[in-house]
Amino acid sequence: GPLAGSLLEIPDTVPLCDFRLDERHGRRPIAESLDPFVCGISGRTVLVPQLKDRVDHLAKGLAQHVGWVANDGTEFDKVAVIFAPNTIDTLTISWAIHRLNGLSSPANAVYSAEELQYQLDISRATVLFTVPSLLPIALRAASKCNLNQDHVIICEMPGEPQSSKGFRTVSNLIEQGATLPELDVLRWTKAQGRRQTAFLCFSSGTSGTPKAVMISHYNVIANVLQIQLFEQHMRDAIEPGYRDVTLGLMPFSHIYGLVAICHIAVYRGDSIIVLPKFVFKDFLASIERFKINTLSVVPPIIITMVKNKALCDQFNLTSVRQIMTGAAPLGQETAQEFASQYSNWVTRQGYGMTETATAVTNTSPFDVWLGSSGCLLSGVEAKLLSPEGTEISAYNTPGELLVKAPSVVLGYLNNPKANAETFVDMADGRFVKTGDEVEFRKSPAGNEHVWVVDRIKELIKVKGLQVAPAELEACLLEHLAVADCAVIPVADERAGELPKAFVVKSAAVATDDENVVKQSILKRVEKAKSRHKWLAGGVEFVDIIPKSPSGKILRRLLRDLERERRRD
Ligand code: 4UW
């Protein structure tokens, strides 16, 4: 059938800086005439030979500037955070870090200084890349964790000043590196290769505050090959030599943009049209200007398109063949409405998580079932568990999804407790608990589809971005007026979900005016956290936060009560 195929071999000694860019590791590199990265603002392209040179030269310049020794084994001593919106150089920077056997930890460009500081601390980064407009935030965070100011490096950004006084730029380091002797080729044994961390991305997993997820080179390569294998038949069906011109709008700091957009595209020789932020008209204009044929988005963009059809119709979007969505649920009705408006496009969905280095499922264009997250990729083994822990094998029966796959990550950095809770050794191997409630259903075409029906874990998803209740609760508890609190998701038509706080007022609070207290609490979050974490779902004062005998907040109980109230 169209979904058949099996993974033969996943290279386990190849660093990502060389994967399909270089012949050194035996695989045929992509053609030199291709342009993997195209700036969606200036139109500037980066061709393959340039990209390879920039990675090599930046690695050398970086090693010399920050005193890193290339190609030694002490990987966790070499961590750099990249705090920047999407640029055509974002992946160049990561691969240069990899070229030195270092780790790249991408941070969301919307972060506050406090959030960035947290990431610098947890990842123990000693180098920070940022763009001119984010430099003040970057410096505030860097100074709080004693990161050497000389190790803050500016990545040029279209429309921004090309340098910042006194700071090294990526271009400076590339120029410097070009004059230095060649680096040794990275050589890993199979065992080492499988354990070599490439990225520290952040996820709160099934509970608690955000944790650094150790994503190996092997994990990323595995997922790229899994997606490629799944999609090749459809590309073959379009035309031989078909290339994606794909939208690079999802943040490259998040696993979706990083793996399922960037690494897969570069591997296949596609082009990525890089956009730093979502402005609806610019998004539509870019599709027309660059004849984008593959859109990778999140559900709020689908909803915006459905609600603004007239505006969409002002642009020539006929280049588009397919649209991909994921990172949060897309309602079946919305999917149907969208697909009827854009009936020439294939509407696809993927499901996955940071802990699976992106995709677990994908949708075949030959079996689109709107509302479903698609079918398991080959190489994935799945289990459904009931709340009592028994395995569910029947169709149309919900349970928690557990996944075993070559892309399941190494674990959380320095966090044995979270590792023990999330990555479980079972009789048939190591599985990751997704915290998602799913059902397997048989499609009319006879394939087994994954339907995500609810979320069991604490996580809140706002526009596809993670918001960890425990992180907001910790922030709220710092406020004098808050004696106790719990944060839960509430449904929102546009954002998908929004965080809402239940707060027990402290006896010490000076005023009886609840609105004054509420405003002060909202302000506290707005000052400390990026916008998608603001309590746009509201603040409600309560007498008590429901807890289990062991003191755990019963967030699910609160969430279900809130759902019922909103249905009435
Ligand atoms: N339906 C319902 C979905 C879905 C979903 C994710 O921030 P993270 O850790 O990771 C992501 C990954 C997004 C993604 C994976 C695979 C893929 O092909 C693709 O392209 C479209 C995107 O967001 O959050 C993981 C959590 O996000 C929810 C779910 O709760 C999961 O555990 N989630 N995809 N299709 N919910």
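Below is a short write-up of the structure. (Residues numbered from 1 in each chain as written. Predicted model: local features only at pLDDT ≥ 70, side-chain atom pairs only at ≥ 80, totals over all residues. Heavy atoms only, no water.)

Description of the overall build of the protein chain
Line of reasoning, step 1. Across its full length, the protein chain carries 16 helices and 27 strands.
Line of reasoning, step 2. With respect to the three principal axes, the spread of C-alpha positions in the protein chain is 70 × 60 × 55 Å.
Line of reasoning, step 3. The burial tally for the protein chain puts 58% of its 568 residues in the buried class.
Line of reasoning, step 4. The contacts of the protein chain with a sequence gap of at least 6 include a subset with a gap of at least 24, amounting to 69%.
Line of reasoning, step 5. Element-wise, carbon and sulfur atoms account for 51% of the exposed surface of the protein chain, whose accessible area totals about 23300 Å².
Line of reasoning, step 6. Counting 61 positive and 64 negative side-chain charges, the protein chain places the centres of these two groups 2 Å from one another. (Helix = DSSP H or I, 4+ residues; strand = E, 2+ residues; numbered from the N terminus. Buried < 20%, exposed > 50% of the residue type's maximum accessible area, 1.4 Å probe, protein only. Contact = heavy atoms within 4.5 Å. Areas by Shrake-Rupley, 256 points an atom, 1.4 Å probe, with all protein chains shown as cover. Lys, Arg positive; Asp, Glu negative; His and termini not counted. Charge placed at Lys NZ, Arg CZ, Asp CG, Glu CD.)

Some thoughts on the sheet that holds strand S14 (residues 351–353)
Line of reasoning, step 1. Taken together, three strands build an open sheet; the order of strands is S14-S15-S16 and the sheet is antiparallel. The open sheet is flanked by S14 and strand S16 (375–376), the only strands paired with a single partner.
Line of reasoning, step 2. Note: S14 against strand S15 (residues 358–362), three bridges, orientation antiparallel. Pairing of methionine 353 across the sheet is with threonine 358, part of S15.
Line of reasoning, step 3. Sitting on the sheet, helix H7 (residues 217–238) is in contact with S15 and S16, with an inclination near 20 degrees to S15. (Pairing = 2+ DSSP bridges. Axes fitted to C-alpha atoms, helices over the stretch in contact; angles between N-to-C directions.)

Focus on the site of the ligand
Line of reasoning, step 1. In the vicinity of the ligand there are 25 residues, among which His254, Thr354, Asp436, Lys457 and Lys461 approach most closely.
Line of reasoning, step 2. Interatomic distance of 2.6 Å between a side-chain N/O atom of threonine 354 and an oxygen atom of the ligand.
Line of reasoning, step 3. Coverage of the ligand by the protein chains reaches 98% of its 700 Å² of free accessible surface.
Line of reasoning, step 4. Put simply, the parts of the chain that give the shell around the ligand at least two residues each are helix H8 (255–268), strand S12 (322–325), S14, S15, strand S21 (429–442) and strand S22 (448–455).
Line of reasoning, step 5. Per element, the largest residue contribution to the shell around the ligand is three residues, and it comes from S14. (Near = heavy atom within 4 Å. Polar contact = N/O pair within 3.5 Å; in protein donor to acceptor, adjacent residues only side chain to side chain.)

Topic: a nonpolar patch on the surface
Line of reasoning, step 1. Residues Leu554, Leu557 and Leu561 make up a contiguous nonpolar surface patch of roughly 240 Å² in combined accessible area.
Line of reasoning, step 2. By secondary structure assignment, the location of leucine 561 is in helix H16 (residues 555–567). (Patch = residues over 30% accessible without salt bridge, like charges linked within 9 Å, V, L, I, M, F, W, Y side chains within 5 Å. Salt bridge = Lys/Arg side-chain N within 4 Å of Asp/Glu carboxyl O.)

Topic: the pairing of strand S26 (residues 496–505)
Line of reasoning, step 1. Most of S26 sits out of view: eight of its 10 residues are buried.
Line of reasoning, step 2. Pairing of strand S25 (residues 482–492) with S26 involves 10 bridges; the strand directions are antiparallel. Pairing of proline 489 across the sheet is with proline 499, part of S26.
Line of reasoning, step 3. What sits between the antiparallel neighbours S25 and S26 is a turn of three residues.
Line of reasoning, step 4. The sheet contact formed by S26 and strand S27 (residues 539–541) spans three bridges and is parallel. Across the sheet, the residue bridging to alanine 501 is valine 539, located in S27.

Quick look at the packing of helix H14 (residues 469–477) against helix H15 (residues 514–528)
Line of reasoning, step 1. Remark: H14 packs on H15, axes separated minimally by 10 Å, with the N-to-C direction vectors making an angle of 120 degrees. When the interaxial angle is binned, H14 and H15 end up oblique. Judged by the twist between their axes, the crossing of H14 over H15 is right-handed. Side by side, H14 and H15 meet where Leu472, Cys475 and Leu476 of the first sit next to Ile521, Arg524, Val525 and Ala528 of the second.
Line of reasoning, step 2. Taken together, the residues of the contact of H14 with H15 sort by class into six nonpolar, no polar and one charged. (Parallel < 35°, antiparallel > 145°, perpendicular 65-115°, else oblique. Left-handed = near helix turned anticlockwise from the far one by under 90°. Nonpolar A, V, L, I, M, F, W, Y, C, P; charged D, E, K, R; others polar.)

Comments concerning the pattern of salt bridges
Line of reasoning, step 1. Taken as a whole and judged by the stated rule, the model has 40 salt bridges.
Line of reasoning, step 2. Lysine 529 is the salt-bridge partner of glutamate 114, the closest N and O atoms lying 3.2 Å from each other. A residue pair is termed long-range when its members are at least 10 positions apart, and glutamate 114 in helix H3 (residues 113–123) and lysine 529 in the loop between H15 and S27 qualify at 415 residues.
Line of reasoning, step 3. Residue lysine 529 is classed as buried on the basis of its relative accessible area of 8%.
Line of reasoning, step 4. For glutamate 562, the salt bridge is made with arginine 566, and the minimal N-O distance between the two is 2.9 Å. One end of the pair, glutamate 562, and the other, arginine 566, are both in helix H16, four residues apart, so they sit about a helical turn from each other.
Line of reasoning, step 5. For glutamate 562, a relative accessible area of 5% corresponds to the buried category.
Line of reasoning, step 6. Judged by its relative accessible area of 47%, arginine 566 falls in the partly exposed class.
Line of reasoning, step 7. Bridged by salt links that share partners, the residues Glu231, Arg235, Asp244, Arg268, Asp270 and Arg348 form one connected network.

Concerning the pairing of strand S7 (residues 197–203)
On a regular strand, one side chain projects to one face of the sheet and the next to the other, so that they alternate.
Line of reasoning, step 1. Within S7, seven of the seven residues are buried, which leaves it mostly tucked inside the rest of the structure.
Line of reasoning, step 2. Note that S7 and strand S8 (residues 211–216) share six bridges and pair antiparallel. When the sheet's bridge partners are listed, phenylalanine 199 is paired in S8 with isoleucine 215.

Quick notes on unusual backbone geometry
Outside of glycine, negative phi angles account for most residues, and trans bonds account for most peptide bonds.
Line of reasoning, step 1. One non-glycine residue with positive phi stands out, namely arginine 20, at about 65 degrees.
Line of reasoning, step 2. Among the secondary structure elements, arginine 20 is positioned in the segment before strand S1 (37–39).
Line of reasoning, step 3. By relative accessible area, arginine 20 is classed as buried at 14%.
Line of reasoning, step 4. Phi at alanine 327 is positive, roughly 80 degrees, even though this residue is not glycine.
Line of reasoning, step 5. Along the chain, alanine 327 falls in the loop between S12 and helix H12 (332–341).
Line of reasoning, step 6. Judged by relative accessible area, which is 23%, alanine 327 ranks as partly exposed.

Side note on the packing of aromatic side chains
Line of reasoning, step 1. Considering all chains together, one arrives at 11 aromatic pairs under this definition.
Line of reasoning, step 2. Ring geometry for phenylalanine 278 against phenylalanine 280: centres 6.0 Å apart, planes inclined by 50 degrees, an arrangement best described as tilted.
Line of reasoning, step 3. Members of the aromatic cluster, each reached through a chain of ring pairs, are Phe278, Phe280 and Phe283.
Line of reasoning, step 4. Between arginine 20 and the ring centre of tyrosine 267, over which it is positioned, the NZ or CZ distance is 5.0 Å.
Line of reasoning, step 5. If you follow lysine 211 out to its NZ or CZ, it ends over the ring of tyrosine 412, 5.6 Å from the centre. (Phe/Tyr/Trp six-rings, centres within 6.5 Å; stacked < 30°, edge-to-face > 60°. Lys NZ or Arg CZ within 6 Å of the ring centre and 35° of its normal.)

Quick notes on the environment of methionine 157
Line of reasoning, step 1. As for its placement among the helices and strands, methionine 157 is situated in the loop between strand S6 (152–154) and helix H5 (170–178).
Line of reasoning, step 2. Sequence separation between methionine 157 and proline 132 is 25 residues; the distance between their C-alpha atoms is 7.5 Å.
Line of reasoning, step 3. When neighbours within four sequence positions are excluded, methionine 157 is seen to be in contact with Pro85, Asn86, Thr87, Val131, Pro132, Gln162 and Pro276.

Considerations on the state of the cysteines
Line of reasoning, step 1. Within the structure shown, the criterion is met by zero disulfides.
Line of reasoning, step 2. The thiol of cysteine 155 is unpaired, and the distance to the nearest cysteine sulfur, on cysteine 39, comes to 11 Å.
Line of reasoning, step 3. Classification of cysteine 155 as buried rests on a relative accessible area of 2%.
Line of reasoning, step 4. Left without a disulfide partner, cysteine 475 is nearest to the cysteine sulfur of cysteine 485, which lies 9.1 Å away. (Disulfide = S-S within 2.5 Å.)

Limitation: the analysis is restricted to geometry and does not speak to function.
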